[in-house]
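# Overview (structure and organization)
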Amino acid sequence: MIKEELQSKLLGVIYQCDSHALTISFARENLSPMYPFSPELISFNKKSYLTYTDQLVFRFSKLQDKMGGSLFPLTLQCLDEVTNGYTMTDTLNRLEKVGLIRSADLWRSLRETRNIISNDYPSTINETAIALNKVWEDSEVLISVYNHIKNELNLRGWNTNPQPPASL
Amino acid sequence: MEYKPPTTGKPVRLSEEEIAAINQAAKTVFGDSVSVLLFGSRADLTQKGGDIDLLLQLPEPEKSAFTLDNKISFLVRVKKGIGDQKIDVVYDDVTKTNPTFLEMIREKAVLLNAVK
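Scope of this entry: the structure provided in the associated data block. (Residues numbered from 1 in each chain as written. Chains lettered and ligands numbered in written order. Predicted model: local features only at pLDDT ≥ 70, side-chain atom pairs only at ≥ 80, totals over all residues. Heavy atoms only, no water.)

We now examine the overall build of chain B. Helices and strands together make up the secondary structure of chain B, namely three helices and four strands. Order of helices (α) and strands (β) in chain B, N terminus to C terminus: α-β-β-α-β-α-β. By residue count, 50% of the 116 residues in chain B fall in the buried class. Here the contacts in chain B between residues at least 6 apart in sequence split such that 63% fall between residues at least 24 apart. Carbon and sulfur atoms provide 50% of the accessible area of chain B, an area that totals close to 5,800 Å². (Helix = DSSP H or I, 4+ residues; strand = E, 2+ residues; numbered from the N terminus. Buried < 20%, exposed > 50% of the residue type's maximum accessible area, 1.4 Å probe, protein only. Contact = heavy atoms within 4.5 Å. Areas by Shrake-Rupley, 256 points an atom, 1.4 Å probe, with all protein chains shown as cover.)

In structure tokens:
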């Protein structure tokens, strides 16, 4: 892929990731008075709490998916890495080696948080509260991983500041 | 894929390597007393595909190991061993998992390891 194409694609992915990250931050801001989340808070089912926790959980999953599925492979291409036939394990190991992510295992843990909150198995309210607190903590880590990658790409000469579409 | 019978003698739809990786990860994270059972479609030879559904059991005094962080550590270890498959883990603990659901899955769960 030629550089201009790659830059354009990168900006498109970052635009989407930025949207998820911003909504996560917005949800966190509104939930912070209630953190740490207790089973009692979840039991009372307060509407205001539900809107923001749903946003936090949904956008955490979306950002994690987008980073792993799109941003990570693109990032390696931006670094002129050959990624044909790369598995996710190969991608993570390479990103760790070149310092774009701190730890492949940390990413895998974030992935499992994302999978656990998507799980349909009936749990207890106590476990729901524990999972929500975990998403809260991991969302901060996820955003810091995202910002680090953007920063590193920027330092290497890539534009990481997408403009909103002309129609907005 | 070879169908290797676990210690109970009932075959399941996991390879020997997958069973070994799951058991090793369980022991590392939860200790030697952990029992690992397979339930769901992979415990049924007549079905195809499906997630790997695991039920973990510990003696009562050791159930404090059933934490979310340990579940995540276990899953990371298993997937490093067998690849990125869809795996769901349920703790056999009524304070953490719906008791009716536990009753239902215990009936058909197949032991993957032997407690030594």
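Past the structure itself, the notes keep going.
What follows concerns helix α2 (residues 68-82) of chain B. Compared with an ideal rise of 1.5 Å per residue, which puts 15 residues at 21 Å, α2 of chain B spans 21 Å between its outermost C-alpha atoms and is within 8% of the ideal. G83 of chain B sits one or two residues past α2 of chain B and shows a positive phi near 95°. (Expected span 1.5 Å × (residues − 1).)

Moving on to the packing of helix α4 (residues 88-97) of chain A against helix α5 (residues 104-117) of chain A. Residues and elements named next belong to chain A. In the contact formed by α4 and α5, the axes pass within 9 Å of each other and the chain directions differ by 130°. Between α4 and α5, the interaxial angle falls into the category oblique. Within the contact between the two elements, α4 uses T89, L92, N93 and E96 and α5 uses A104, D105, W107 and R108. Its residues assigned to classes, the contact of α4 with α5 comprises three nonpolar, two polar and three charged. (Axes fitted to C-alpha atoms, helices over the stretch in contact; angles between N-to-C directions. Parallel < 35°, antiparallel > 145°, perpendicular 65-115°, else oblique. Nonpolar A, V, L, I, M, F, W, Y, C, P; charged D, E, K, R; others polar.)

The interface is formed by 16 residues belonging to chain A together with 18 residues belonging to chain B. Counting across the chain A and chain B interface gives four salt bridges. One salt bridge in this structure joins D69 of chain B and K134 of chain A, with 3.1 Å as the shortest N-O distance. Counting across the chain A and chain B interface gives four residue pairs in polar contact (both at pLDDT 80 or more). Contributions of two or more residues to the side of chain A that touches chain B are made by α5 and α6 (125-155) of chain A. (Salt bridge = Lys/Arg side-chain N within 4 Å of Asp/Glu carboxyl O. Polar contact = N/O pair within 3.5 Å; in protein donor to acceptor, adjacent residues only side chain to side chain.)

This part covers the sheet that holds strand β1 (residues 35-39) of chain B. For sheets, the rule is that strands pair by backbone hydrogen bonds, running either parallel or antiparallel. Residue and element names in this part refer to chain B. The mixed open sheet is built from four strands, whose spatial order is β3-β2-β1-β4. Looking at which strands have only one partner, the edges of the open sheet turn out to be β3 (87-91) and β4 (110-111). By the bridge criterion, five bridges tie β1 to strand β2 (residues 52-57) in an arrangement that is antiparallel. Residue pairing across strands places S35 opposite Q57, the latter belonging to β2. Its contacts with the sheet put α2 on β2 and β3, and the angle it makes with β3 is roughly 145°. Contacts between helix α3 (residues 99-108) and the sheet are confined to β1, β2, β3 and β4, with β3 contributing the most and set at about 115° to the helix. (Pairing = 2+ DSSP bridges.)

Residues and elements named next belong to chain B. Counting buried positions along β2 yields five of six residues, so the element is predominantly enclosed. Where β2 meets β3, five bridges bridge the pair, whose relative direction is parallel. Bridge pairing links L55 to V90 in β3. Note that the unit made of β2, α2 and β3 has a crossover that is right-handed. (Right-handed = clockwise from strand over helix to strand, strands pointing away.)

Another point: the pattern of salt bridges. Residue and element names in this part refer to chain B. Going through the model one piece at a time under the given rule, you end up with 16 salt bridges over all chains. For K86, the salt bridge is made with D51, and the minimal N-O distance between the two is 3.5 Å. In this pair, K86 is assigned in the loop between α2 and β3 and D51 in the loop between β1 and β2, connecting sequence segments 35 residues apart. Put simply, K79 and D84 hold a salt bridge, and the shortest N to O gap is 4.0 Å. A residue is classified by how much of its surface remains accessible, and D84, at 60% relative accessible area, is exposed.

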